[in-house]
Amino acid sequence: MKKFRKVLDGLTTSSPGGTIGSPSSGSAAGTPTSAPTPKEIDVQETLVSENFQLCKTVRHGFPYQPTALAFDPVQKILAVGSRTGGIRILGRPGVDCYCQHESGAAVLQLQFLINEGALVTACADDTLHLWNLRQRRPAVLHSLKFNRERITFCHLPFMSKWLYVGTERGNTHIVNIESFVLSGYVIMWNKAIELATKTHPGPVVHLSDSPKDEGKLLIGFESGTIVQWDLRGKKADFRIYYDEAIHSVSWHHEGKQFMCSHSDGSLSMWNLRNTTKPFQVTFPHGKIQKDGRKESCKPILKVEFKTSRNSEPFVIFSGGLSYDKAGRRPTLTIMHGKAITVLEMDHPIVEFMALCETPYNNEVQEPYAVVVLLEKDLIVVDLTQSNFPVFENPYPMDIHESPVTCTAYFADCPPDIIPILYSMGAKHKKTGYSHKEWPVAGGLWTLGSNTYPEIILTGHADGSIKFWDASAITLQMLYKLKTSKAFEKPKPAEGRAAEMVEEDPFAVQMVSWCPHSRIFCVVGISAHIILYRFSKYEANAQIVSLEVRLQCETEDMVTPSESENHPCFSEAGSRSPQAHHQHPASPGSATPEGNRDSVPCIKVKDRMVRVPPGYQAELVIQLLWADGEPPQQITSLDINSAYGLLALGNCNGLAVVDYLQKTILLCASTLDLYGAADPYQRLTRSPRRNRQSTSEFCMRGLSNFYSDSKKRIRTSYQSLTELSDNQQSVDMERSKSPTSVHYPTSLHNEPRIHPEPVASLRASHCSPVFYLLDNDHVNGHCTSPTSQAKPRVPMGPEGPRLTRRGPGRPPFRKAQSAACMEVSLPVSHTEVGYASRRAMLQQFHGVTMYSHDEHPTSAPYCWSERESRENSFSRSRSSSVCSIDRDTKEAVTTLQFGESYGRKGDAMPTPCLWVGTSLGVVLLIPMSIPTDQEERMDEPVTIGPSGTVLMLKGSVLRFSFLDCTGALIQSPHEVWRDPNAPEDPERPRRRKLVNFSPSSSQDNCGEGHLAVVCSEKQAKVVLMPSQSCLFVHNITESSFVLRADVVSLCSSVCLACFCANGHVMTLSLPSLRPLMDVNYLPLTDMRIARTFCFTNGGQALYLSSPTEIQRITYSQEMCDNLQEMLGELFTPIETPEAQNRGFLKGFFGGNSHNFDREELFGEASAGKASRSLAQHIPGQVGMEGMKVAASGVMGDLARARVALDERGQRLGELEDRTALMMTSAETFSKHAHELMLKCKDKKWYQL
């Protein structure tokens, strides 16, 4: 526990610029505040470094790029391997484990040690791994690396400790599972085939022991050769040479027949009595053509031949369709007797496996289901019903149903929100599933004691939003919302317009949700915002649409002499010649050149629609096209249900909307928010040389959001060859950051003027709007927006456009003092680490990065180029460029409503809007909101920007507020009430507000509060209303912060940050003392940066792949309790007994049970394998590794088992040495006895 005291004099206050140098820097020109200021702030910080530890908790979703599948029929658990070396082990709901091979090599094959709690994996780096599943977090016990041969197939017989391994050379090796060493017994390919054969048989593609006799091993080679090898006699019983290549082999349970699938789409049946030719060859999907020949078919990649007691055998295979049926989807065919059922799949089939009642291969199999692993889905088909329905998948395998574009994570939600969302979503569930229980029901999972409601939101490219119940480290679908239903279907465009139209115009870019008021906002890629209210009743409603013109005009280049002579330019003199002749088009119209003006990107439904219960759209806000250019995407959003206000910002400026009155309150550029206190000396930019080319970059495609090979590219980018020839290559080498937006700039020595910001308001419903032009912090008079506006000539049909330039603002503005201007020189590239974001991405991706607007020309590129750049940053910002090099436009990067002090002289908190920009400037906008409910619906809300509060290095990312005791101040909100509920005349409904200033506690109103501000480089804690910077901390120098949140943990709060260099950091509040800094995850693609988010309780998540969500924790308490929260993969189950075969079957059916593999493959008889063939790598089998990997009862059992194994190994070594000594002694005794017999009858002189 540490106590911080900050003594404040209450007489002087820090200037906005004076807070950068040090926390205690002040300005002598400060004025005393009239608000009461506390003499000292007494905050007891309880968080220490011991409260933090970073670890992964659970991974949700479908395994990305799956490659292999395995099932334990006794434990009933399923394993899926992936191309990136990951393993997902699934059991009953709640039993979900993720493991990762350190090498990252693709998993080729999986083999369970059935009912043994172990798993063998074969990887593409020719390494075998043995995983211990008897602990909640599986660990590798042994590894075996093949040095000279490549692994192609593995087979582990049931209840055997000897693993057969086939290689690319055609050889078959045998591995002891217990010791993980090679046996000296090897089946060489040249011994398996006849000596007269002149060609190599190819790699081993199949290995299986005969159900009739375990001493017979069936070996299938790729070329079509099949050999049954007698393991005892070390010879081949028979050899089959077939013309077509073999893909798989499956035995009949009696061991007298087997079936093969071939590359020509045929199935061949073979009988062991006559192996000269197959007794049956079928082409299941091959038809006889008119000329009498069979049509060519695709290969059958796998076949399974399963028998049933009460019905005909099942023949299940994948592939085999004819080539002439182009465009048909992948299929799984089920042949049951004479009936053939073809199941079409949505994605290519990776692997399938029939689930059978018995683990013994010499018994009737009785298949009851088929697990089908697709490229992007996992389905299980019920074989017990004639129509073969699929089981309802209990796992969240459909996260990627449409590509994920954004995520949000909410912990400690109201307890009633999850049941309500689930009841709404249950009404829209699909039907037609099998009524039987999910067959993968292994493992054990119980609900932990430390659980609380958690909800994860995922936004998708098709405009849908999914609500997930994430409580107790599980994930279950609650509710799905489709935002596209609020719009008309977009009409197909033609010509150049078609190239600029998004393929997914409804893609979700950002979400804002208040669980208490159940107000939900969605930001789309088409520069639109949809506001939803929650209702339990269906309703007929018409969506209100507001259109906002938030676009800045380009201007002509003006010489310095002109600017000196004309400090305040008139409207006509400041416009460019091009704009002078481009008349704005009417809404919905287009110029002959195809330019659009004052129209939204997509059209809202303008009719009454019937909306189901759940979230219902109430308001749509759209940014309009301007002068033939699409609107810039929205970069920031915040909504407050208590105020009834919504704020949005982009690179052009800020807009505030009153969604209760359906009016636009404020629409202005960022420059107009400063008043006369702009802290930067800005150089204006020259007009674009080509307006048409730059418009192609304004509407960035979804390549910034996700990667999907099926998407077509409609966005043009710069060619790499132009980078070396452009004059701005020097600027491109500067350090960039991902949230500030760059625009076309000329050389630094060119004179430029300010662009004229144009903010035109257009709404379907208008009410009186008041805008306070508080340019010098003194005049607080209320003015109509039209009083300071000059009409633009000529005016468009939509009415006059209103300018927001204050009176007397010069085009060239200087900083008021040196302290007001932050100068940050570029970081040298010779320093250790990544000096810039661009250098980092060049290192990761091997391509040169640039912003869209740095080069005015464009060149189309193909899909392969998009694949290489889909993870790159599309927006380039600079946080380490001096102020004179900054662009005129300034993006609004973050917004936050809250109760605060709008000006230094305020004595009581009022509703305010905090605005953070890409230049690191924090602006404060106080508001006057009527408190009475009736007045709130009629009276206007007044807004008056008060200017700069402070500045930070880098773009501002997050705001949060603490009281003077260090506790987190919750934002005001409205208590939810159903908007469509029937009204009671006796009890009229009234808005109930929480934490709103009139109803809040009067004790703390005058004591001020602390504002926590975090940017890409810095974090600051500011005391309000004096605006004094109490603490400042430079988070990173060589990198930048991607995500920052103030979260609650252990009954306290801290600032959590995720940096682009992979570091996850936490800082104490309010002192900003570093508590944790872990190098966790380097930023290798934009997916992580886009989806990483923190939440309360020490948890976070990110999209680890396009199909998977990875949850992590940075709380020591949760790490300690994690073992209890995870499910048990292994549960003690007795192995089912084999069926009694009877005397006759046992007598005539072979001697399979008399086969002793230990005697045959052991070192005593087979000898040792060559050391150069494979290398044994021990895993974490020591006590330290087990302590990390497991705990609890199963961990103790695992440790005891490892200790017994180690003890047994030592005893075995001792026994071997004793046996060697006994052998040596016997040999010595024998030689001594022979010598005695030889010398017994000889005289002494004959010796």
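This text goes with the structure placed above it.
Notes on the structure in this doc start here. (Residues numbered from 1 in each chain as written. Predicted model: local features only at pLDDT ≥ 70, side-chain atom pairs only at ≥ 80, totals over all residues. Heavy atoms only, no water.)

**A closer look at the overall build of the chain**
The line we're drawing: Runs of E in the DSSP output that reach at least two residues are strands. Runs of H or I that reach at least four are helices, and both are numbered from the N terminus. Burial status follows relative accessibility: with a 1.4 Å probe on protein chains alone, a residue under 20% of its type maximum counts as buried, one over 50% as exposed, and anything between as partly exposed. By definition, residues are in contact when any of their heavy atoms lie within 4.5 Å. Under the convention used here, a 1.4 Å probe and the Shrake-Rupley method define accessible areas, while residue burial counts only the protein chains that appear.
Of regular secondary structure, the chain possesses 18 helices and 67 strands. Put simply, the chain has 1247 residues, and 57% of those count as buried. The long-range share in the chain, meaning contacts at least 24 apart out of those at least 6 apart in sequence, stands at 63%. Accessible surface computed for the chain: about 53000 Å², of which carbon and sulfur atoms make up 53%.

**Topic: the pattern of salt bridges**
Note the cut-off: Each salt bridge in this description consists of a side-chain nitrogen of Lys or Arg and a carboxyl oxygen of Asp or Glu lying within 4 Å of one another.
Within the structure shown, the criterion is met by 33 salt bridges. We note a salt bridge from Asp213 to Arg232, for which the minimum N-O separation is 3.4 Å. Residue Asp213 is found in the loop between β16 (204–209) and β17 (216–221), and its partner Arg232 is found in the loop between β18 (225–230) and β19 (235–241); the two are separated by 19 residues along the sequence. With a relative accessible area of 10%, Asp213 lands in the buried category.

**Describing the state of the cysteines**
Threshold: In what follows, a disulfide is any cysteine sulfur pair within 2.5 Å.
Counting across every chain of the model gives zero disulfides. Free cysteine Cys406: the closest other cysteine sulfur is in Cys1093, separated by 9.5 Å.

**Focus on the pairing of strand β32 (residues 454–460)**
Filter applied, for reference: Note on pairing: DSSP must find at least two bridges between two strands before they are called paired.
Among the seven residues that make up β32, seven are buried, leaving the element largely enclosed by the rest of the structure. Residue alternation in β32 divides its side chains into two sets, Glu454, Ile456, Thr458 and His460 and Ile455, Leu457 and Gly459, and both sets are buried. The pairing of strand β31 (residues 404–411) with β32 spans seven bridges and is antiparallel. Each residue of the ladder has a partner; that of Ala408, found in β32, is Leu457. With five bridges joining them, β32 and strand β33 (residues 464–469) adopt antiparallel strand pairing.

**Some thoughts on a negative patch on the surface**
Where we set the bar: Each patch is built from residues that are more than 30% exposed by relative accessible area and take part in no salt bridge. Like charges join if they lie within 9 Å; nonpolar side chains (Val, Leu, Ile, Met, Phe, Trp, Tyr) join within 5 Å. Counted charges follow a simple rule, with Lys and Arg positive, Asp and Glu negative, and His plus the chain ends left uncounted. To locate a charge, the coordinates of NZ of Lys, CZ of Arg, CG of Asp or CD of Glu are taken.
On the surface, a cluster of negative charge is contributed by Asp932, Glu934, Glu935, Asp938 and Glu939. Along the polypeptide, Asp932 turns up in the loop between β51 (921–928) and α11 (933–938).

**Let's talk about the pairing of strand β63 (residues 1074–1079)**
When strand β62 (residues 1063–1068) meets β63, the two strands line up antiparallel, connected through five bridges. Across the sheet, Thr1066 pairs through a bridge with Met1076, a residue of β63.

**Some points on the environment of Val956**
One can find Val956 in strand β54 (residues 956–962). With a relative accessible area of 0%, Val956 lands in the buried category. As for Val956 and Val915, which are separated by 41 residues in sequence, their C-alpha atoms are 8.7 Å apart. Sequence-distant contacts of Val956, that is, excluding residues within four places in its chain, are made with Thr893, Thr894, Gly916, Thr917, Gly920, Val921, Val922, Val1013, Cys1014 and Ser1015.

**Topic: the nonpolar core**
Rules: Take the buried residues of types Ala, Val, Leu, Ile, Met, Phe, Trp, Tyr and Cys, join any two whose side-chain atoms come within 4.5 Å, and each joined set is a nonpolar core.
Grouped together as the largest cluster of nonpolar side chains are 33 residues, with contacts concentrated most on Leu421, Ile455, Leu457, Phe467, Trp513, Phe520 and Tyr615. Here the element with the most residues in this core is helix α2 (residues 417–426); it accounts for five residues. The residues contacting Trp513, other than those within four sequence positions of it, are Phe410, Ile417, Ile455, Leu457, Phe467, Arg518, Ile519, Phe520 and Tyr615. Membership of the second largest hydrophobic core comes to 27 residues, among which are Ala668, Val915, Leu923 and Val941.

**Comments concerning α2**
As a reminder, the rule being used: In this description, one arc is meant: the one made by directions from the helix axis to the C-beta atoms.
Listed as buried for α2 are Ile417, Ile418, Ile420, Leu421, Met424 and Gly425. On an axial view of α2, the arc spanned by its buried residues comes to 165°, and they lie on one face. Elements in contact with the buried residues of α2: β32, β33, β34 (476–482), β35 (508–514), β37 (528–535) and β41 (614–623).

**A word on the side chain of Thr358**
Note the cut-off: The term polar contact refers here to a pair of N or O atoms within 3.5 Å; inside protein, the definition further demands a hydrogen-donor-capable atom paired with an acceptor-capable atom, and it admits residues adjacent in sequence only when both atoms are side-chain atoms.
With respect to the secondary-structure elements, Thr358 resides in the loop between β28 (349–356) and β29 (367–374). A polar side-chain atom of Thr358 sits 3.1 Å from the main-chain amide nitrogen of Tyr360. Contact partners of Thr358, with chain neighbours within four places excluded, come to Glu363, Val364 and Gln365.

**Side note on the side chain of Ser535**
Take Ser535: it is sitting in strand β37. We classify Ser535 as buried; its relative accessible area is 0%. In this structure the side chain of Ser535 is engaged in a polar contact, spanning 3.1 Å, whose partner is the side chain of Asn980.

**Re the sheet that holds strand β64 (residues 1093–1095)**
For the record, the criterion: As a rule, the C-alpha atoms of each element are fitted with a line to give its axis, helices using only the stretch in contact, and angles between N-to-C directions run from 0 to 180 degrees.
In space, the four strands of this open sheet follow the order β3-β66-β65-β64, with antiparallel pairing throughout. Strands with a single pairing partner mark the edges of an open sheet, and in this sheet they are β3 (52–61) and β64. Strand-to-strand twist across the sheet, computed as the mean angle between neighbouring axes with direction ignored, equals 25°. Bridge analysis of strand β65 (residues 1099–1105) against strand β66 (residues 1108–1115) gives six bridges, and the strand direction is antiparallel. Looking at β66, one finds that Leu1103 is bridged to Ile1109.

**Details of the environment of Ser955**
Looking at where Ser955 falls in the secondary structure, it is placed in the loop between β53 (948–951) and β54. When the C-alpha atoms of Ser955 and Val922 are compared, they prove to be 9.7 Å apart, with 33 residues separating the residues in sequence. Within the structure, the side chain of Ser955 is placed 3.0 Å from the backbone oxygen of Ser918, a separation counted as a polar contact.

**Observations concerning the sheet that holds β31**
Strand order in the open sheet formed by four strands is β31-β32-β33-β34, with antiparallel pairing between adjacent strands. The open sheet has two edge strands, β31 and β34, and neither has a second partner. For this sheet, the mean angle separating the axes of adjacent strands, direction not counted, is 20°. Here six bridges tie β33 to β34, and the two strands are oriented antiparallel to one another. Within the sheet, the bridge partner assigned to Phe467 lies in β34 and is Tyr479.

Fair warning: the whole summary comes from geometry, so function is off the table for now.
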